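Remarks on the overall topology
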Amino acid sequence: MNLNPTAVIAALAGAVAVGGLCLAIAGLVGTTAPDPARPAGRLERKLRAGGFSGSGTGPAGALTNQRTLALGAVAVGLIVWLFTSWLMGGLLTGLAVFGLPWILQPGRGSKAQIQRLEALEEWVRRLSDIHTAGISLEQAVASSVRSAPKLIAPEVTRLTSRLAAGWRAEVAYRAFADELNDATADSVAAPLILHVQDRGAGLSTALKALAAQVGEEVLMRRKVEAEREKPRTNMRWVSLFCLAVFALAMLSGAYVKPYSSLTGQVVLTLLAAGFIGVMVWMRRMAIADPAPRFLAPATDRPDSGEAL
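Residues numbered from 1 in each chain as written. Predicted model: local features only at pLDDT ≥ 70, side-chain atom pairs only at ≥ 80, totals over all residues. Heavy atoms only, no water.

Details of the packing of aromatic side chains
Enumeration according to the criterion identifies 1 aromatic pair in this entry. Over the ring of tryptophan 167 we find arginine 162; its NZ or CZ atom is 5.2 Å from the centre of that ring. (Phe/Tyr/Trp six-rings, centres within 6.5 Å; stacked < 30°, edge-to-face > 60°. Lys NZ or Arg CZ within 6 Å of the ring centre and 35° of its normal.)

Here you go:
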C-alpha cells in the first residue's frame with residue numbers, strides 16, 4: 001500500500017486541529033475541582049516570577065484570564081491557518097498570541113509578588129496591634145480578617161477557617177505559608193508556629209520587628225526590579241519587532257512563497273524554535289532564582305480540613 005505524503009500531512013494536520021479544539025474546550029469548561037494549597041516547586045516559582053501565573057485577582061481570576069487567552073489564541077491560529085493554508089503559520093500565530101503577556105509584561109510576576117509582600121507587612125502590623133490587647137493568637141488572627149489587605153484576604157480567610165475547623169495551629173500556619181509561597185512569608189509563619197509551641201510573651205513585639213523586616217525586604221526587591229527594568233524593556237521591543245516582521249512577511253506572497261512547501265514549513269518551524277529559544281534565554285537573564293523556602297510543607301492535615 002502506497003501512502004500519499006500529502007494525505008499523511010493532511011491527516012496529521014487534522015489531528016492537531018482536533019486536539020487543539022479539545023484542549024481549548026477542556027480549558028474553558030475545566031476537568032476537576034481545584035487542588036488544595038500545596039507548596040510550589042522551584043521551577044513553578046520561577047515561572048510565577050516570570051509572569052506565567054496570570055494577572056487576575058486571585059487563582060480564579062488568573063485561571064479565567066488564561067482560558068480566555070487560550071481561546072483567543074486558538075481562534076486566531078485557526079483563522080491564519082484557513083487564510084494562508086499554513087498549518088505551522090496558524091500554530092505559530094496562536095503561540096504568539098498566547099505568549100503576548102509573557103512578552104509585554106516581563107516583570108509582572110515579580111511585581112505582583114512584591115505587592116503581596118507589602119500586603120503581608122500591613123497584615124502583620126495589624127496583627128501585632130490586635131494581639132497587644134491580650135487575646136490569644138488564634139483570636140487575633142480571626143479578628144484580623146475584617147481588616148486584612150485585599151491581596152492576601154483569601155489566604156487570611158482560609159487560615160481562620162482552618163483554625164476554626166479544628167486544624168492543628170502549626171499545620172494551619174504552614175498551609176498559610178504554602179499559599180503565599182515565598183521565603184519572606186516563611187519568616188512570618190515561623191514565629192507563629194514557635195508561639196504555638198511555647199506560648200511565651202513578647203509575640204506582639206516580635207511581630208512589629210518582623211513587619212519592619214518585611215518592609216526592608218520589599219524595598220530591596222523594588223530596587224532590584226528597577227535595575228532589571230531596562231533589559232526587560234529591550235527584550236520587549238526586540239520581541240515585538242520580530243513579531244511585526246513575521247506578520248508583515250506573511251502578507252507578502254512572493255517573499256514567503258518558498259515556505260508554503262513541506263520543506264519550507266520545516267524550516268519555518270526550526271526558525272520559530274530558534275526564536276523561542278532566544279526569548280527564553282533572554283528571559284532567564286532577567287529573572288533571578290527565588291530564595292529557597294525553609295519551612296516544610298503542611299502535610300499532616302485532619303480529615304475535617306481537607307475540604308478547605
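From this point, the discussion proceeds with the structure in view.
A look at helix H4 (residues 87-98)
If you check H4, its first and last C-alpha atoms are 17 Å apart, about what 12 residues at 1.5 Å a residue would give, namely 16 Å. What H4 keeps buried is the set Met88, Gly89, Gly90, Leu92, Thr93 and Gly94. (Helix = DSSP H or I, 4+ residues; strand = E, 2+ residues; numbered from the N terminus. Expected span 1.5 Å × (residues − 1). Buried < 20%, exposed > 50% of the residue type's maximum accessible area, 1.4 Å probe, protein only.)

Examining helix H10 (residues 183-198)
The first and last C-alpha atoms of H10 sit 23 Å apart over 16 residues, in line with the 22 Å expected at 1.5 Å per residue. Buried residues of H10: Ala183, Thr184, Ala185, Asp186, Ser187, Val188, Ala189, Ala190, Leu192, Ile193 and His195, and no others. The N-cap residue of H10 is aspartate 182: its side-chain oxygen and the backbone nitrogen of threonine 184 are 2.8 Å apart. Just downstream of H10, arginine 199 is the residue with a positive phi angle, here 55°. (Polar contact = N/O pair within 3.5 Å; in protein donor to acceptor, adjacent residues only side chain to side chain.)

Digging into the confidence of the model for the protein
In this model, the protein carries a mean pLDDT of 74, and residues with pLDDT of at least 70 account for 72%. The spread of mean pLDDT over the elements of the protein runs between helix H2 (residues 42-49), the lowest at 46, and helix H8 (residues 153-164), the highest at 93. When the criterion is pLDDT under 50, residues 301-308 qualifies, and its contacts beyond four places in sequence or with other chains add up to 17 contacts. (pLDDT = per-residue confidence, 0-100. Contact = heavy atoms within 4.5 Å.)

As for the pattern of salt bridges
Enumeration over the complete set of coordinates arrives at 13 salt bridges. With a shortest N-O distance of 3.0 Å, glutamate 118 and arginine 222 are connected by a salt bridge. Note that glutamate 118 is positioned in helix H6 (residues 108-131) and arginine 222 in helix H11 (residues 203-250), a separation of 104 residues in sequence. The exposure class of glutamate 118 is partly exposed, given its relative accessible area of 31%. Residue glutamate 121 pairs with arginine 125 through a salt bridge whose shortest N-O separation is 3.2 Å. Highlighted residues: glutamate 121 and arginine 125, both in helix H6, separated by 4 residues, approximately one helical turn. Taking relative accessible area as the criterion, arginine 125 reaches 37% and is therefore assigned partly exposed. (Salt bridge = Lys/Arg side-chain N within 4 Å of Asp/Glu carboxyl O.)

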